[in-house]
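Chain residues, written in single-letter form:
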Amino acid sequence: AVTMSPPRWEIGIYTAGALALLGIAAVNLWKLWRSGSYPAPSPFPNYDYRYLEQKYGAVYSDAKHKRGMAPGSQRPLDRTSPSRKTSLRADDTFESINELGSLELMSKDLGLAPYGPLKKSISADSLSSISSIGNNFGQDFTVGQVEVSMEYDGKAATLHVTLLQGKDLLEKEDTRFESCFMRISLLPAEQIVGISRIQRSAYAMAFDERFSIPLDPAALEENSLRFSAFGIDEDERNVSTGVAELKLSDLDLATRPFNAWLYLQDTNKAVDTVGEILLSLSYLPTAERLTVVVVKAKNLVWSNGKVTADPFVKVYLLQDGRKISKKKTAVKRDDTNPVFNEAMIFSVPAIVLQDLSLRVTVAEWGEDGHTDNTGHVLIGPAASGMGITHWNQMLATLRKPVSMWHPLRRN
């Protein structure tokens, strides 16, 4: 008899093993295909992509092409020069990988060298704490809004400021005023550089007025603009009703124009503040990264009549009122003017940027581990006054950190 080499039973074993391996590979490929919309580990740890798909009807692959695009629902992002339309830049990839390098650049942009190196803040738990619920925020008192655009002519050393339109510059319940106008001042000298025409309707107006201000390039790093609304009463007296300020160094006017709605704060209503906090915001579209820098606070008023306290800052990222991430700074001992200088980095897909808000809370640490909240500020599309003005400036100057002081509201 002729013996086959190898035997049939051995061939059967090899064949069964190969089929088993192919089956395992097929099962794994099927699982990978099914989970393709929800990558694990997620590049955006703050977000559940099933939630995004339910809310927006689009999976991650559909939103991926939107990287490199500023959020389209904000008009200020569209009314810019062609150089602003792309969000890709040669060093974005390097920035998104080298966190420490980008923090060093941000520290230079913000002038934080006197406070030492910019530190990266830590994550925190307790998202369900009652003291941080994001549904009932104290708001700034606002009295309307005005749309402005600015561009800088370096050759002529001139800043061109255009008042485009305004809404609700006077309260409808206030019948003292028959008309209103806008005034533009250059700070810190408080030099008046432009006065608009008198508007009979304070609730919907088109200014379309342009003012040219001689300004050296160095002055862009030092000066601010104040936009003031004035009501004119029956005795023809001018009464200030609302104010908004822009720090020119935050706007990068030497390289690109700026356009945004400014929300005017009512100057005639008392505000219960317990100090101020300096914050910086920036958004990197290609890395889809939101960076919040808690720089410092001043003139803190402690809760419950305390003589002294140890402050720290908690920053909550909110989406549709739901807390999805929290970070906090180090505790500063017995300091009413603490310097934190800490950066908090949140992964934020561009598709949800318009639905986000930030709640920044200054709290007091107790030796027994108990904490009391001093005050807070809300920043984002759901805020008002300085909160939404800061957010809009960040969206209009992508990649560049924008800093602003915010009054802290008592909790």
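Residues numbered from 1 in each chain as written. Predicted model: local features only at pLDDT ≥ 70, side-chain atom pairs only at ≥ 80, totals over all residues. Heavy atoms only, no water.

### Re the overall build of the protein chain
Right, on to step 1. Secondary structure summary: the protein chain contains six helices and 18 strands in total.
Right, on to step 2. Burial analysis of the protein chain (411 residues in total) assigns 50% to the buried set.
Right, on to step 3. Here the analysis covers contacts within the protein chain between residues at least 6 apart in sequence; of these, 69% occur between residues at least 24 apart.
Right, on to step 4. Counting every atom, the protein chain has about 20600 Å² of accessible surface; 53% of that belongs to carbon and sulfur. (Helix = DSSP H or I, 4+ residues; strand = E, 2+ residues; numbered from the N terminus. Buried < 20%, exposed > 50% of the residue type's maximum accessible area, 1.4 Å probe, protein only. Contact = heavy atoms within 4.5 Å. Areas by Shrake-Rupley, 256 points an atom, 1.4 Å probe, with all protein chains shown as cover.)

### Regarding the pairing of strand β14 (residues 322-328)
Right, on to step 1. Among the seven residues that make up β14, five are buried, leaving the element largely enclosed by the rest of the structure.
Right, on to step 2. As paired elements, strand β13 (residues 310-319) and β14 share six bridges and run antiparallel to each other. Counterpart to Leu317 in the pairing with β14 is Ser325.
Right, on to step 3. Here β13 hands over to β14 after two residues, with Asp320 in that stretch at a positive phi of 55°. (Pairing = 2+ DSSP bridges.)

### Considering the nonpolar core
Right, on to step 1. Met150, Leu159, Leu163, Leu225, Phe227, Leu248 and Leu253 are the most contacted members of the largest nonpolar core, which totals 36 residues.
Right, on to step 2. Those elements giving two or more residues to this core turn out to be β3 (142-153), β4 (158-167), β5 (177-187), β7 (204-214), β8 (224-233), β9 (238-247) and β10 (258-266).
Right, on to step 3. Among all residues touching Leu163, those that are not within four sequence positions of it are Val146, Glu147, Val148, Met182, Ile184, Ser196, Phe207, Asp208, Glu209, Phe211 and Phe227.
Right, on to step 4. Val294, Met344, Val360 and Met394 belong to the second largest nonpolar core, which has 34 residues in total. (Core = buried A, V, L, I, M, F, W, Y, C linked by side-chain atoms within 4.5 Å.)

### Section: the pattern of salt bridges
Right, on to step 1. One pass over the full model with this rule turns up seven salt bridges.
Right, on to step 2. Residue Arg197 is joined to Glu209 by a salt bridge in which the shortest nitrogen-to-oxygen separation is 3.8 Å. Of the two residues, Arg197 sits in the loop between β6 (191-195) and β7 while Glu209 sits in strand β7, which places them twelve residues apart along the sequence.
Right, on to step 3. Overall, the relative accessible area of 9% leaves Glu209 in the buried class.
Right, on to step 4. Taking the shortest distance from any N to any O, the salt bridge between Glu245 and Arg226 comes out at 2.9 Å. One end of the pair, Glu245, is in strand β9; the other, Arg226, is in strand β8, with 19 residues separating them in the sequence.
Right, on to step 5. Using a relative accessible area of 36% as the deciding quantity, one classes Glu245 as partly exposed. (Salt bridge = Lys/Arg side-chain N within 4 Å of Asp/Glu carboxyl O.)

### Here's the deal with the UniProt feature "transmembrane region" (unreviewed entry) in the protein chain
Right, on to step 1. The sites that UniProt annotates as "transmembrane region" (unreviewed entry) are residues 12-30.
Right, on to step 2. Counted over residues 12-30, helix gives 100% and strand 0%. Its end C-alpha atoms are 27 Å apart. (UniProt positions renumbered as here; feature names shortened; annotations may be inferred.)

### What to know about the environment of Thr241
Right, on to step 1. Looking at the element boundaries, Thr241 is found in strand β9.
Right, on to step 2. Spatially, the C-alpha atom of Thr241 lies 8.6 Å from that of Leu264, the residues being 23 residues apart in sequence.

### Some details on unusual backbone geometry
Right, on to step 1. Cis rather than trans, the peptide bond between Leu187 and Pro188 has omega equal to 10°.
Right, on to step 2. For Pro188, the position within the fold is in the loop between β5 and β6.
Right, on to step 3. Here the phi dihedral of Glu190 falls at roughly 55°; this positive angle occurs in a residue that is not glycine.
Right, on to step 4. Taking the relative accessible area as the measure of exposure, Glu190 reaches 53% and is therefore exposed.

### So, the packing of aromatic side chains
For any pair of aromatic rings, the description consists of the separation of the ring centres together with the inter-plane angle of the planes.
Right, on to step 1. What the rule picks out here adds up to two aromatic pairs.
Right, on to step 2. Arranged with centres 5.3 Å apart and planes meeting at 10°, the rings of Phe181 and Phe230 form a pair that is stacked. Here Phe230 lies in strand β8 and Phe181 lies in strand β5, a separation of 49 residues in the sequence. Exposure class is identical for Phe181 and Phe230. Each is buried.
Right, on to step 3. Ring geometry for Phe312 versus Trp365: centroids 6.2 Å apart, planes at 70°, classification edge-to-face. Here Trp365 lies in strand β16 (residues 356-365) and Phe312 lies in strand β13, a separation of 53 residues in the sequence.
Right, on to step 4. Judged by its relative accessible area of 4%, Phe312 falls in the buried class.
Right, on to step 5. Against the face of Trp261 rests Lys167, its NZ or CZ located 4.9 Å from the ring centre. (Phe/Tyr/Trp six-rings, centres within 6.5 Å; stacked < 30°, edge-to-face > 60°. Lys NZ or Arg CZ within 6 Å of the ring centre and 35° of its normal.)

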